[in-house]
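# Report on the structure
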Amino acid sequence: MATPAQITAATREDLLNAMRGEAFAYASYMLFAETARRNGKSEVADLFEATARTELLEHFAEQAALTGLVGGDADNLRHAIEGESHEIDVLYPSYAEHARAAGDAAAADRLDEIRRDELDHLEAFREALESIA
Ligand SMILES: [Fe+2]
Ligand SMILES: [Fe+2]
């Protein structure tokens, strides 16, 4: 179990916001790399991938250690279950509803479809938690 440093609630909030940015940068750069590789720009692809790794394995990971994000396996599974449940029960239904109300039908359909994938994630995490309990 990671031992979080003693930090104030405000610093913790800033770290969590920074982590969202780092995670978004990681994911974006990996997609940018895929596109660059498809376009035959392998040096650009390598640059995006190398930078993405730093965002995840150094920046995100160091901030995660400070906030105590990563715990034991059971804690991590409970954390994941909580996150997936929020997406399933609150986030995706309301975003799909907003999109549908705004006339963005394709986006609404995609959000519904993603929500169904999250149900599989939730179920798999629940089973894993039971199996290690
Ligand atoms: Fe970064
Ligand atoms: Fe998920």
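Residues numbered from 1 in each chain as written. Chains lettered and ligands numbered in written order. Predicted model: local features only at pLDDT ≥ 70, side-chain atom pairs only at ≥ 80, totals over all residues. Heavy atoms only, no water.

Time to look at the overall build of the chain. Per the secondary structure count, the chain includes 4 helices and 0 strands. Along its sequence from the N terminus, the chain presents helices and strands in the succession α-α-α-α. In terms of C-alpha radius of gyration, the chain reaches 18 Å, well past the compact-globule figure of 14 Å for 133 residues. Its C-alpha atoms give the chain principal-axis dimensions of roughly 45 × 40 × 35 Å. The 133 residues of the chain split such that 21% are buried. Contacts spanning at least 24 positions in sequence make up 63% of the contacts within the chain whose residues lie at least 6 apart. Accessible area for the chain stands at about 9100 Å²; split by element, carbon and sulfur atoms hold 56% of it. Looking at the chain, you have 12 positive and 27 negative side-chain charges, and the mean spots of the two groups are 4 Å apart. (Helix = DSSP H or I, 4+ residues; strand = E, 2+ residues; numbered from the N terminus. Rg over C-alpha atoms; globule rule 2.2 N^0.38 Å. Buried < 20%, exposed > 50% of the residue type's maximum accessible area, 1.4 Å probe, protein only. Contact = heavy atoms within 4.5 Å. Areas by Shrake-Rupley, 256 points an atom, 1.4 Å probe, with all protein chains shown as cover. Lys, Arg positive; Asp, Glu negative; His and termini not counted. Charge placed at Lys NZ, Arg CZ, Asp CG, Glu CD.)

The coordination sphere of the iron ion (ligand 2), as far as protein atoms go, consists of E84 (OE), E84 (OE), E118 (OE) and H121 (ND1), spread over 2.0 to 2.5 Å. Classification of the site at the iron ion (ligand 2) rests on its 4 donor atoms, whose angles at the metal span 52 to 126 degrees, yielding the label irregular. Between the donor residues of the iron ion (ligand 2), the gaps in sequence give the motif E-x33-E-x2-H. Here H121 and E118 lie together in helix 4 (residues 105–132), a separation of 3 residues that amounts to about one turn. What makes E118 buried here is its relative accessible area of 8%. Among the residues examined, H121 registers a relative accessible area of 38% and is labelled partly exposed. (Donors = N, O, S within 2.8 Å, 3.2 Å for Na, K, Ca; no water. Tetrahedral: all angles 85-135°; square planar, octahedral: opposite > 155°, others 65-115°.)

Attention now moves to the domain arrangement of the chain. When the domains of the chain are assigned, the result is domain 1 (9–67) and domain 2 (73–132). Computed over C-alpha atoms only, the centres of domain 1 and domain 2 are separated by 23 Å. (Domains from an automatic or database assignment.)

So, about the packing of helix 3 (residues 73–101) against helix 4. At their nearest, the axes of helix 3 and helix 4 sit 9 Å apart, and the two run at 165 degrees to each other. The orientation of helix 3 relative to helix 4 falls into the category roughly antiparallel. Remark: the crossing between helix 3 and helix 4 carries left-handed chirality. Looking at side-chain class alone, the contact of helix 3 with helix 4 contains 20 nonpolar, 2 polar and 10 charged residues. (Axes fitted to C-alpha atoms, helices over the stretch in contact; angles between N-to-C directions. Parallel < 35°, antiparallel > 145°, perpendicular 65-115°, else oblique. Left-handed = near helix turned anticlockwise from the far one by under 90°. Nonpolar A, V, L, I, M, F, W, Y, C, P; charged D, E, K, R; others polar.)

With that out of the way, let us pick up the side chain of E118. Salt bridges are absent for the buried E118, whose nearest opposite-charge side chain, R115, sits at 9.6 Å. Among the polar contacts made by the side chain of E118, one reaches the side chain of H121 at a distance of 2.9 Å. If we skip the residues at most four places from it in the chain, E118 touches E84, E87, I88 and Y92. (Salt bridge = Lys/Arg side-chain N within 4 Å of Asp/Glu carboxyl O. Polar contact = N/O pair within 3.5 Å; in protein donor to acceptor, adjacent residues only side chain to side chain.)

Right, let's get into the packing of aromatic side chains. A full pass over the atoms with the stated rule returns 3 aromatic pairs. Taking the centre distance of 5.7 Å and the plane angle of 40 degrees together, the rings of Y29 and F48 count as tilted. Residue Y29 is located in helix 1 (residues 9–38), and its partner F48 is located in helix 2 (residues 42–67); the two are separated by 19 residues in the primary sequence. By relative accessible area, which is 23% here, Y29 ends up partly exposed. Pairing F32 with F48 gives two aromatic rings, centres 5.3 Å apart and planes at 65 degrees, and the pair type is edge-to-face. In this pair, F32 sits in helix 1 while F48 sits in helix 2, placing the two residues 16 residues apart along the sequence. Chaining the aromatic ring pairs together yields one cluster made of Y29, F32 and F48. (Phe/Tyr/Trp six-rings, centres within 6.5 Å; stacked < 30°, edge-to-face > 60°.)

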